[in-house]
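# Analysis of the macromolecular model
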Amino acid sequence: MAEPRASGQDGPVSDQGSLAVETRDLWFSFSGGGPVLRGVDLDAARGQVTVVLGASGSGKTTLLKLLKGLLAPQRGSIRVLGRTTSPGGRGIRLDAAVAYIPQNLGLVRNLTVLENTLTGALGRMGALPALLMAFPPEWIKEATGFLERLGIAHKLEEKVYNLSGGERQRVAIARALMQRPQLLLADEFVSQLDPVTTVSIMDSVRETVVTGLTVIMTTHELDVVARYADHVAVLRDGQKVLDLPAAEVNPRLLSQVIKV
Amino acid sequence: MNRSSLGARLAPLLLVGLLAVSLANVGLLDPQRLGRGVMNIGVFTSAMFPPNLGVLETVALAILETLQIAFVGTVVGAALGLPLALLATQTLFGPWLTGGVRLVLAIVRTIPALLWGIIFVVALGLGPGAGSLGVGLYSLGYLGKLFYEIFEGVDAEVLEAVRSVGCSRVQLARFALLPEAANNLLAQLLFMFEYNVRASSIMGFVGAGGIGYYMLGYIQLLRYDALLTSILVTLVVVIAIDYGSARLRRLYLPETRRLS
Ligand SMILES: Nc1ncnc2c1ncn2[C@@H]1O[C@H](COP(=O)(O)OP(=O)(O)OP(=O)(O)O)[C@@H](O)[C@H]1O
Ligand SMILES: [Mg+2]
């Protein structure tokens, strides 16, 4: 495993080559509400872990949904993986290269661990085989491999509603990896886990980052920032109030910026 | 005294007045008529006993037909109702399609099962085929609505998560909506079948098959003892069905079992 923060200490983001995510002057409000995001510029370098911090209601989840294309901004531009995203209607397929793990994971409780993981491959599957749940054997092998690495392969056939919080988190990661993503958006990633599980899960994510995955995650855990982040951005009331390499921030600064 | 509290005091008085007028108009304030009614019920009841067991075989065959009408009707209603419910689900399709399908379902629902029975007797001729289709269309109207409401109650985060893998709408329905909704769909389906057994038992009144045909005949021929036999048999079967579906529910809906 690579040394955590190794890439974060290399220097300014611009030296890292192209950006995985680039937003400019992003404004968003839900219909009938005031602005939730106000002019956010966010850059995330490829192959880095960017952590978005902010108090409850500051707009973190909304920002991730905009990046995924689940919401459309009223103003501003979003480039993800070099493409300008233009969120489409209900019928448009979203980009499988961008994986999204929502705050409560969004697993299908009535499907098994393996089935939930295989769901990640639907983007490259035809309509008929998908309807019949006829997944090619090599995908089942791939999924089982991810689940083994995440330490949950012994529960392949277990329905998700029987799993603990930490086990569910692993399944959600496996489903995301099954998308063969270049960018992982993870909301409140390790918030419901005990410290030991947090470390083991973050380590496996970090391992994947070594292979070139870009991660943008939100969290309330400042420990996670210190151990795993390359870059930190802080939102307050929908505005970006801090944007620094992780090496240049310390917990005292962070809690000051977040709370006020 | 202000206007709203005056209104609040007058409302009950108005309601009582309205009830008195309505009772008079439907003939329930006529003491002579009520007295005659009580006597008639007495005569009717004594003529019912003892139940005529000679018609048991006829009645048993007829109740079997009633059950088949209910079964076929429920299956027809569900088979047509499920795809229509998906087309009426706003998380999958736009307002024009969902609105149109909902309108069709609402129109189907305004026509009572018995009237559907008459329509199909006219179209197909007398017999249980007409009854089955009558129950089927009626069930379609209700199951369609119940099903799309279930689909729209599915956790939005699960849908967002599965949409994010880049799947199509058909895949989203197959891998997120249906499995998440399965338990509720089954519960409503069982409920519909229970209801349809009752609805099917009067289909015979309009010549659409089942035990109702005999009940009506026994009433017209003043064979109240035979009528009692058919009522008792229906009662036993309805109770047995309710018991059976409660068992099924416990067998197939483990989550409801865990909650209780
Ligand atoms: N569907 C919605 N409709 C209307 N307003 C919403 C909706 N979702 C979120 N909001 C509002 O947008 C603001 C930002 O919400 P968001 O979920 O992005 O915050 P967050 O930073 O993720 O908070 P938390 O840390 O509690 O998850 C909040 O004020 C919230 O009330
Ligand atoms: Mg959030």
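Data block above holds the structure.
Quick notes on the rules
- Residues numbered from 1 in each chain as written.
- Chains lettered and ligands numbered in written order.
- Predicted model: local features only at pLDDT ≥ 70, side-chain atom pairs only at ≥ 80, totals over all residues.
- Heavy atoms only, no water.
- Helix = DSSP H or I, 4+ residues; strand = E, 2+ residues; numbered from the N terminus.
- Buried < 20%, exposed > 50% of the residue type's maximum accessible area, 1.4 Å probe, protein only.
- Contact = heavy atoms within 4.5 Å.
- Core = buried A, V, L, I, M, F, W, Y, C linked by side-chain atoms within 4.5 Å.
- Domains from an automatic or database assignment.
- Buried area = accessible area lost by both parts, 1.4 Å probe.
- Salt bridge = Lys/Arg side-chain N within 4 Å of Asp/Glu carboxyl O.
- Polar contact = N/O pair within 3.5 Å; in protein donor to acceptor, adjacent residues only side chain to side chain.
- Near = heavy atom within 4 Å.
- Areas by Shrake-Rupley, 256 points an atom, 1.4 Å probe, with all protein chains shown as cover.
- Lys, Arg positive; Asp, Glu negative; His and termini not counted.
- Pairing = 2+ DSSP bridges.
- Axes fitted to C-alpha atoms, helices over the stretch in contact; angles between N-to-C directions.
- Donors = N, O, S within 2.8 Å, 3.2 Å for Na, K, Ca; no water.
- Phe/Tyr/Trp six-rings, centres within 6.5 Å; stacked < 30°, edge-to-face > 60°.

## A closer look at the overall build of chain A
When helices and strands are tallied, chain A shows eight helices and ten strands. Buried residues in chain A amount to 50% of all 260 residues. Counting only contacts in chain A whose residues sit at least 6 apart along the sequence, the fraction spanning at least 24 positions is 70%.

## Details of the nonpolar core
Residue and element names in this part refer to chain A. The biggest cluster of nonpolar side chains holds 97 residues, and the ones touching the most others in it are Ile101, Phe189, Met217 and Val232. Structurally, this core is a two-domain feature, drawing no fewer than three residues from each of domain 1 (1–97 + 181–260) and domain 2 (109–179). Leu26, Phe28, Ile216 and Ala233 belong to the second-largest nonpolar core, a separate cluster that totals 27 residues.

## Quick look at the interface of chain A and chain B
At the junction of the two partners, chain A supplies 37 residues and chain B supplies 31 residues. For the pair chain A and chain B, the summed buried surface comes to about 2,800 Å²; carbon and sulfur atoms form 53% of the total. Where chain A packs against chain B, one counts two salt bridges. The partner of Glu180(B) in a salt bridge is Arg109(A), with the nearest N and O atoms 2.6 Å apart. On inspection of chain A and its partner chain B, the count reaches ten residue pairs in polar contact (both at pLDDT 80 or more). Counting only elements with at least two residues in the side of chain A that touches chain B, the list comes to helix 1 (60–68), strand 6 (98–101) and helix 3 (127–131) of chain A.

## Remarks on the environment of Arg149(A)
Assignment of secondary structure puts Arg149(A) in helix 4 (residues 137–149). Between the alpha carbons of Arg149(A) and Arg170(A) there is a distance of 9.6 Å; along the sequence they are 21 residues apart.

## Quick word on the site of ligand 1
All names here are of chain A. Taken together, 13 residues are adjacent to ligand 1, and Ser56, Gly57, Lys60, Thr61 and Thr62 come closest. Residue Thr61 places a side-chain N or O atom 2.6 Å away from an oxygen atom belonging to ligand 1. Taking Glu188, its side chain carries an N or O atom lying 3.4 Å from an oxygen atom of ligand 1. Burial of ligand 1 by the protein amounts to 57% of the accessible area it has alone, namely 630 Å². The dominant element in the shell around ligand 1, judged by the number of residues it contributes, is helix 1, at three residues.

## What about the side chain of Asp187(A)?
Residues and elements named next belong to chain A. Here Asp187 is to be found in the loop between strand 7 (183–186) and helix 6 (195–210). Despite its burial, Asp187 pairs with no opposite charge; the closest candidate is Lys60, at 6.6 Å N-O. Apart from the residues within four sequence positions on either side, Asp187 is in contact with Thr61, Leu64, Ile101, Pro102, Gln103 and Thr218.

## Remarks on the sheet that holds strand 7 of chain A
Residues and elements named next belong to chain A. As summarised here, the arrangement of the six strands in space is 6-7-8-3-9-10, forming an open sheet in which the pairing is mixed. In the strand order of this sheet, the two ends are held by strand 6 and strand 10 (239–245), each with one partner. The sheet shows a mean angle of 15° between the axes of neighbouring strands, taken without regard to direction. Both strand 6 and strand 7 contribute to a ladder of four bridges, which runs parallel. Considered in strand 7, the bridge of Tyr100 is made with Leu185. Against the sheet, helix 8 (residues 251–259) engages strand 3 (49–54), strand 9 (231–236) and strand 10, with an angle of about 25° to strand 9.

## Overview of the coordination of the magnesium ion (ligand 2)
The reference angle at a metal is 109.5 degrees if four donors form a tetrahedron and 90 or 180 degrees if six donors form an octahedron. Protein coordination at the magnesium ion (ligand 2) comes from Thr61(A) (OG1) and Gln103(A) (OE1), with a distance range of 1.9 to 2.5 Å. Taken together, the positions of Thr61(A) in helix 1 and Gln103(A) in the loop between strand 6 and helix 2 (113–119) put the pair 42 residues apart, joining distant regions of the chain.

## Topic: the packing of aromatic side chains
According to the stated counting rule, one finds eight aromatic pairs over all chains in the structure shown. Each ring, one from Phe135(A) and one from Phe175(B), has its centre 5.9 Å from the other, and the planes form 70°; the classification is edge-to-face. Of this pair, Phe135(A) sits in the loop between helix 3 and helix 4 while Phe175(B) is found in helix 8 (residues 169–201), placing the two residues in two different chains. Overall, Phe175(B) belongs to the buried group, its relative accessible area being 0%. With a centroid separation of 6.0 Å and 20° between ring planes, the pair formed by Tyr138(B) and Tyr195(B) is classed as stacked. Pair noted here: Tyr138(B) is in helix 6 (residues 128–152) and Tyr195(B) is in helix 8, with a separation of 57 residues, a long-range link.

## Some thoughts on the pairing of strand 4 (residues 75–80) of chain A
Residue and element names in this part refer to chain A. Of the pairings in the sheet, the one linking strand 1 (residues 19–29) to strand 4 comprises five bridges and is antiparallel in character. Residue Trp27 lies in a different strand from strand 4, and its bridge partner there is Arg75. Alignment of strand 4 against strand 5 (residues 83–84), held across two bridges, turns out to be antiparallel. Residue Val80 lies in a different strand from strand 5, and its bridge partner there is Arg83. Hairpin geometry of strand 4 and strand 5 is characterised by an intervening segment of two residues between the two adjacent antiparallel strands and by a positive phi of about 55° at Leu81.

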